[in-house]
Amino acid sequence: MEEVSFEKKFFDLSPTPYLCLKVVFGADKTPIDVMIVQTNASFAAMMGERKSQFLGRSVFDTLLRNRDASDTGGNLIEVLEGKRILVKDMHSLHLDRWFRIKAFGIGDGMIGAAILDVTTEYAQEFGLTQFMNLSREMMCISDTDGRFLKVNQRFAETLGYDPSDLEGIYYMSLVASEDKERTEEAMSKMIREKEIPSFTNRYLCKDGTYRYMDWHSWVQEKYVFSSARDVTAQHEKTSELKRMANTDPLTGLYNRNYYDRHIMGLIERADLSDLPLSMISLDLDHFKNVNDTWGHAAGDEVLRETGRIMRETVRKSDIAVRIGGEEFLVILPNTDAVEALSAAQKLKESFEKFSHPTAGTVTASLGVAEKCRTESYEDW
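A. Layout of the nonpolar core. With 25 residues, the main nonpolar core has F148, F155, L166, Y203, M213 and W215 as its most contacted residues. Secondary-structure elements contributing two or more residues to this core are β6 (138-143), β7 (148-151), α6 (153-159), α8 (180-193), β8 (195-204), β9 (210-220) and β10 (223-230). Excluding its chain neighbours within four sequence positions, the residues that come into contact with F155 are M138, M139, C140, F148, L166, M213 and W215. Counting 24 residues, the second largest nonpolar core, distinct from the first, contains L284, V302, V330 and A364.

B. Spatial organisation of helix α12 (residues 296-313). Compared with the 26 Å implied by 1.5 Å per residue over 18 residues, the 25 Å span of α12 between its first and last C-alpha is a close match. Within the span of α12, buried status applies to A298, G299, V302, L303, E305, T306, G307, I309 and M310. Structurally, α12 contributes buried residues whose contacts are with β11 (277-284), α11 (287-294), β12 (319-324), β13 (327-333) and α13 (337-353).

C. Up close: the sheet that holds β9. Taken in spatial order, the five strands of this open sheet run β7-β6-β10-β9-β8, and their pairing is antiparallel. Both outer strands of the open sheet, β7 and β8, are each paired with one neighbouring strand and no more. Within this sheet the neighbouring strands show an average axis-to-axis angle of 30°, counted without direction. As defined by bridge partners, β6 adjoins β7 across three bridges and the pair is classed as antiparallel. Within β7, the residue paired with C140 across the bridge is V151. Where α8 meets the sheet, it contacts β8, β9 and β10, and its direction lies at approximately 155° from that of β8.

D. Just the packing of α12 against α13, in detail. The N-to-C vectors of α12 and α13 enclose an angle of 140°; their axes lie 10 Å apart at closest approach. In terms of axis orientation, α12 runs oblique to α13. Remark: the crossing between α12 and α13 carries right-handed chirality. Along its contact with α12, which presents T306, I309, M310 and T313, the element α13 presents K346, L347, S350 and F351. Each residue belonging to the contact of α12 with α13 can be placed in one class, and the counts come to four nonpolar, three polar and one charged.

E. Structural view of the sheet that holds strand β1 (residues 18-25). With antiparallel pairing, five strands are arranged side by side in an open sheet as β2-β1-β5-β4-β3. Two strands close off the open sheet at either side, each with one partner strand: β2 (31-39) and β3 (86-92). On average, adjacent strands in this sheet sit at an angle of 35° to one another, irrespective of strand direction. Relative to strand β5 (residues 110-117), β1 is paired through five bridges, and the arrangement is antiparallel. By the bridge assignment for β5, L21 is matched with I111.

F. View of the side chain of S42. Tracing the backbone through its elements, the reader meets S42 in helix α2 (residues 41-47). Within polar-contact distance, the side chain of S42 engages the backbone oxygen of P15 at 3.4 Å. Excluding residues within four positions of it along the chain, S42 makes contact with S14, P15, T16 and P17.

G. Expanded view of α11. By the burial criterion, the buried members of α11 are F287, V290 and N291. Down the axis of α11, the buried set is contained in an arc of 95°. They therefore lie on one face. Facing away from the buried surface of α11 by more than 90 degrees, the exposed residues are K288, D292 and T293. Where α11 is buried, its residues contact β11 and α12. G295 sits one or two residues past α11 and shows a positive phi near 95°.

H. The packing of aromatic side chains, seen in detail. This model, assessed by the stated rule, comprises eight aromatic pairs. Ring geometry for F148 and F155: centres 5.6 Å apart, planes at 65°, overall edge-to-face. Across this residue pair, the class does not change: F148 and F155 are buried. One aromatic cluster in this structure is built from F148, F155, Y171, Y203 and W215.

I. Representation of the packing of α11 against α12 within the structure. Close contact between α11 and α12 brings their axes to 6 Å; oriented N to C, the two are set at 140°. Taken as axis vectors, α11 and α12 run oblique relative to one another. When α11 is examined against α12, the residues F287, V290, N291 and W294 are found in contact with a partner set consisting of H296, A298, G299, V302 and L303. Split by residue class, the contact of α11 with α12 holds six nonpolar, three polar and no charged.

Analysis parameters
- Residues numbered from 1 in each chain as written.
- Predicted model: local features only at pLDDT ≥ 70, side-chain atom pairs only at ≥ 80, totals over all residues.
- Heavy atoms only, no water.
- Core = buried A, V, L, I, M, F, W, Y, C linked by side-chain atoms within 4.5 Å.
- Buried < 20%, exposed > 50% of the residue type's maximum accessible area, 1.4 Å probe, protein only.
- Helix = DSSP H or I, 4+ residues; strand = E, 2+ residues; numbered from the N terminus.
- Contact = heavy atoms within 4.5 Å.
- Expected span 1.5 Å × (residues − 1).
- Pairing = 2+ DSSP bridges.
- Axes fitted to C-alpha atoms, helices over the stretch in contact; angles between N-to-C directions.
- Parallel < 35°, antiparallel > 145°, perpendicular 65-115°, else oblique.
- Left-handed = near helix turned anticlockwise from the far one by under 90°.
- Nonpolar A, V, L, I, M, F, W, Y, C, P; charged D, E, K, R; others polar.
- Polar contact = N/O pair within 3.5 Å; in protein donor to acceptor, adjacent residues only side chain to side chain.
- Arc of directions from axis to C-beta.
- Phe/Tyr/Trp six-rings, centres within 6.5 Å; stacked < 30°, edge-to-face > 60°.

Written out as C-alpha cells, the structure is:
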C-alpha cells in the first residue's frame, strides 16, 4: 500500500485552490509556457471541472488564454530559484474573472501556486472607482500611515497629475512647508476624533504651484476617506479684499483703518514684554504747492513714489502707514529713540536723492518719538 505524504494530503485537502506547475523553456533558455502537472480538489471546484481536465494544460490557456510567459519570464526564474514569491493579479478574458496568483518555488524545477478568484473584490473596487470618478468632488482614500491608496480623476486633474502619480505616495510630501505643522496637528486630531469637517491647507501641483484645498475627512478602521474642494479662487478673492481693506490704493502702504485697528495691540505687546516702541512721523514739505503748480496727477505720482521710497527703506518688521493726504507714520517695534532716529535719517536721505521728473525734488520733515510706559497713546 502506497504511503501518502503529509504534503500531498495538505495539497489535496486544502480549502485554498492550488496548482503544481512546471516551467517550459525555449531554445534560448527563456520561459515560454507554464504547464499544470497537478491540481487539488479546491481548484477543480472553483473552476467547475474535474481535476484531470487540467493536467498537461498551459496555465495561461486555462486561466488567461492567448497569453505567454514572456512578460513574467524573469520573475519565474527567480521564483524557481527561491529568490522571490510572485504575487500577480490577472484578468481572464474568456472566463471574465480575476485571479490572484501567488507562486513559489517547491524544488526540482517546479512551482507551487495558490489561485484565488478575486472577481468580487475587483467588482467592488471597480464600483468604488466608478463612483469616485463620477463625483464632481475631489475624492481620495488613504491609509492612516499617510499614503494615498486611491484618488479620483477630478482630484488628480485639479493638481495636474495622473492618478498613478499620486497613489502610493505620502500626502504630507505635497503639503506646503508652511502648512505642514498645522496639517500634522489636524491629522492627529482626526485620528482621535474620527473626523475633520473642514481644514484648509496648500497642496503642491505638478507644475510647481500651490492650490488651497478645503478638506472633509473621516476615519473608518485603517482607512481615511476624504473629499476636497479647490478654494484657491475664494482664498485669493478674500486675500484681495483683505488687502484692499488694509492698504492705501495710491501708495501701497497700510491705511488709517489698518493702523487704528492694530496700534493699541502693538502698544500692549510692547508694554507686556517691556520692549521699546517708537514712531516716525513724516510730512511731505509744501505738498500743496505741488498740486497747485503741477496738478493733482503730478501730486498723485509724488505720493506713489513716497510709498515706494518708504517700502524700500524701512525694515520688514516696521509698519509704514499713510494717515491721510501727505501725512505718514512708521511704527518701529522693539526700537528705541536712538535707533528710530537713525531710521528717520535714512528716510530723509532717500527723499533727498529722489527727483520727480515734473515736480523735482520733494523733501520731507520727520519727527521721532519713543513711547514711554507712563504716557498715553495721545501723548506719545
